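What follows is each chain in one-letter form.
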Amino acid sequence: MTDDSTPTADDSTPTADEPIPGLSRSDPLAAVSPLDGRYASRTAPLSPYASEAALMRSRARVEVEYLIELAALDATPIAIDEAAEEALRAVYDDFSVEDARLIKALEVEGAEGYDATNHDVKAVEYFLRVRLDEFEESGAIADSEALYPWIHFGLTSEDVNNLAHRLLVKRAVSEAVVPAIREVRDALADLAREHRDTPMLARTHGQPATPTTFGKEMAVYASRLGRALGRVVVANGDLSGKLAGASGTYAAHDAAYPEVDWRAFAESFVRGLDLEHTPLATQVNPCDDLAALFDALRGVNNVLLDLDLDAWLYVSDRYLGQRTVEGETGSSTMPHKVNPIDFENSEGNLSKANSDLTFLADYVTTSRLQRDLSDSTVKRNVGAALAHCLIGYSKAGDGLETVVPNETVMREELEGTPEVIGEAVQTILRREGDTGAYERVKELTRGKRVTLDDFRDLFDDLDVDEGVREELKALTPASYVGVADDLVDEIDE
């Protein structure tokens, strides 16, 4: 014991905070974040766009394409023929894990005769020099050193980074995120169409209200999600890049070749990468385009959070049953339980995603004067925000696959809540000129338990035509759903 009576561990005795023997850092069980651990299989589609290796590759693409475009200018004294272009583009087309490791070595250790750069973009520049030397040896390029000065010519790192990040984000959203949202939207549309005429008690303020159909309620979500998805697609298509130098003035370019229209060059180059062009910028791209995309994704997430909450309540009310999975455990102590865990998981991940997206949208649109570097580390977390989105979408989809509308429970509750036809009764009576219709139905139903017989007694006492009386007596909660089933057809394809 020490003087303060705190026990000390013997050096030979493992303690709880020591590494677990045999557990490799690359093992998903050792991952610091569940995104690369517990949920690795769900976030895997983002790896080609959100990993550090992907960013290295994207930077290499920007640098290679920029070098090729420079060589195409009449003003520059370099030329790159078709064979050389093909070799250069293979640098990023055939980018390998060995390439990524070389770039990292150039940055942190030094390699291939270069000292450690301690700068990630400069490491890519030296990596390209190494590859140019190899191309010279193979005969694809005549003089590699003659091209050295033109790699990253006149650029600031942000010129490369802002384009590289957007190329990755755009693909991540279009190839991984949008398809996942569309799957959930399609699942909702399928549920809506299948159960378009399944009557269900609606609740407003948590209280019994005018009946609806389960299909129509799912159609509402499908429609909302479709519109929100459209906003994501538009925002993703509006991602915009800059290529204007250290202070956004094209100063270095203009100093070297004042006869070149560098603004037109930059616009052509950026659009050639399938990005919109930002002509006015400081050293940094203002990032309003990224903020718009993050806000659009939050819109999608808010729709699905609303769905998750409603689905949870429908399960709680037994409106929705859940298919069981063989061998699955619902509770460690209550064997009977089948919990709505997919909707709960989706809710948690989408809430985390929204927190991250809000932070990102607020942070990346600000910079001290013409540049500060605080956004650099922040932008590395865009992939994490998208990953939480992706988990949330897939979990919501899993939940929709397992739920089964319990039509018996829905009908039983409708039959036990006949007061919901009160709206129809007073509206029909108003049509017949009854000025006290609302008050009459209110007196019968407000705060009371009533039956259809109570309504029929009221109908018998009314001074109305017999046809109207029969119309009123034909009303039932299950049939009072308006055109809910037809509204399902309003879902946009």
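The shown structure was predicted, so the numbers you read here are calculated from the model rather than taken from an experiment. (Residues numbered from 1 in each chain as written. Predicted model: local features only at pLDDT ≥ 70, side-chain atom pairs only at ≥ 80, totals over all residues. Heavy atoms only, no water.)

## Details of the domain arrangement of the protein chain
Reasoning step 1: For the protein chain, the domain assignment lists domain 1 (49-150), domain 2 (157-323 + 339-406) and domain 3 (417-490).
Reasoning step 2: When each unit is reduced to the centre of its C-alpha atoms, the spacing between domain 1 and domain 2 is 33 Å.
Reasoning step 3: Domain 1 puts 22 residues into the contact, and the matching count from domain 2 is 22 residues.
Reasoning step 4: Approximately 2,000 Å² of surface area, both sides summed, lies buried where domain 1 meets domain 2, with 71% of it carried by carbon and sulfur atoms.
Reasoning step 5: Looking at the side of domain 1 facing domain 2, the largest losses of area belong to Tyr49, Val62 and Tyr66, adding up to 33% of the total buried there.
Reasoning step 6: Where domain 1 meets domain 2, there are one salt bridge.
Reasoning step 7: For Asp120, the salt bridge identified is with Arg380, shortest N-O distance 2.6 Å.
Reasoning step 8: Taken together, domain 1 and domain 2 are joined by five residue pairs in polar contact (both at pLDDT 80 or more). (Domains from an automatic or database assignment. Contact = heavy atoms within 4.5 Å. Buried area = accessible area lost by both parts, 1.4 Å probe. Salt bridge = Lys/Arg side-chain N within 4 Å of Asp/Glu carboxyl O. Polar contact = N/O pair within 3.5 Å; in protein donor to acceptor, adjacent residues only side chain to side chain.)

## Focus: the pairing of strand β2 (residues 207-213)
Reasoning step 1: Inspection of the sheet shows strand β1 (residues 199-204) paired to β2 by five bridges, in the antiparallel sense. Counted as the bridge partner of Ala202 is Ala209 from β2.
Reasoning step 2: In textbook terms, the turn of a hairpin is the stretch between consecutive antiparallel strands, and for β1 and β2 this stretch comprises two residues, one of which, His205, has a positive phi near 60°. (Pairing = 2+ DSSP bridges. Helix = DSSP H or I, 4+ residues; strand = E, 2+ residues; numbered from the N terminus.)

## Structural notes on the environment of Gly399
Reasoning step 1: As for its placement among the helices and strands, Gly399 is situated in helix α14 (residues 382-402).
Reasoning step 2: In the structure, Gly399 is positioned 91 residues away from Asp308 in sequence and 8.9 Å away in space, judged by C-alpha atoms.
Reasoning step 3: When residues no more than four places from it in sequence are discounted, the contact partners of Gly399 are Asp342 and Phe343.

## Re the packing of helix α16 (residues 422-431) against helix α19 (residues 466-473)
Two numbers describe a pair of packed helices, the interaxial angle and the distance between the axes.
Reasoning step 1: Look at α16 against α19: their axes get within 10 Å of each other, and the N-to-C directions meet at 165°. If you check the angle between α16 and α19, you find them roughly antiparallel. Crossing hand, α16 versus α19: right-handed. Packed against α16, whose contacting residues are Val425, Ile428, Leu429 and Arg431, the element α19 presents Val468, Glu471 and Leu472 at the interface.
Reasoning step 2: Within the contact of α16 with α19, the residues separate by chemical class into five nonpolar, no polar and two charged. (Axes fitted to C-alpha atoms, helices over the stretch in contact; angles between N-to-C directions. Parallel < 35°, antiparallel > 145°, perpendicular 65-115°, else oblique. Left-handed = near helix turned anticlockwise from the far one by under 90°. Nonpolar A, V, L, I, M, F, W, Y, C, P; charged D, E, K, R; others polar.)

## Side note on the confidence of the model for the protein chain
Reasoning step 1: Chain-level statistics for the protein chain give a pLDDT mean of 90 and a share of 93% at 70 or above.
Reasoning step 2: Element-level pLDDT for the protein chain is lowest in helix α13 (residues 374-379), with a mean of 82, against a maximum mean of 98 in helix α10 (residues 262-272).
Reasoning step 3: Per-residue pLDDT stays below 50 along residues 1-10; that stretch engages in four contacts with residues further than four places along the chain or on separate chains.
Reasoning step 4: Scored below 50 in pLDDT, residues 329-337 shows three contacts in the model against residues more than four places distant or in partner chains. (pLDDT = per-residue confidence, 0-100.)

## Considering the pattern of salt bridges
Reasoning step 1: Per the stated rule, a full pass over the model turns up 33 salt bridges.
Reasoning step 2: Residue Lys170 is joined to Asp274 by a salt bridge in which the shortest nitrogen-to-oxygen separation is 3.5 Å. In this pair, Lys170 is assigned in helix α7 (residues 157-194) and Asp274 in the loop between α10 and β4 (276-277), connecting sequence segments 104 residues apart.
Reasoning step 3: Linking Arg469 and Glu466 is a salt bridge whose minimum nitrogen-to-oxygen distance equals 3.2 Å. Here Glu466 and Arg469 lie together in helix α19, a separation of three residues that amounts to about one turn.
Reasoning step 4: For Arg469, a relative accessible area of 11% corresponds to the buried category.
Reasoning step 5: Taken together, the shared-partner salt bridges in this structure form one network comprising Glu52, Lys104 and Glu107. (Buried < 20%, exposed > 50% of the residue type's maximum accessible area, 1.4 Å probe, protein only.)

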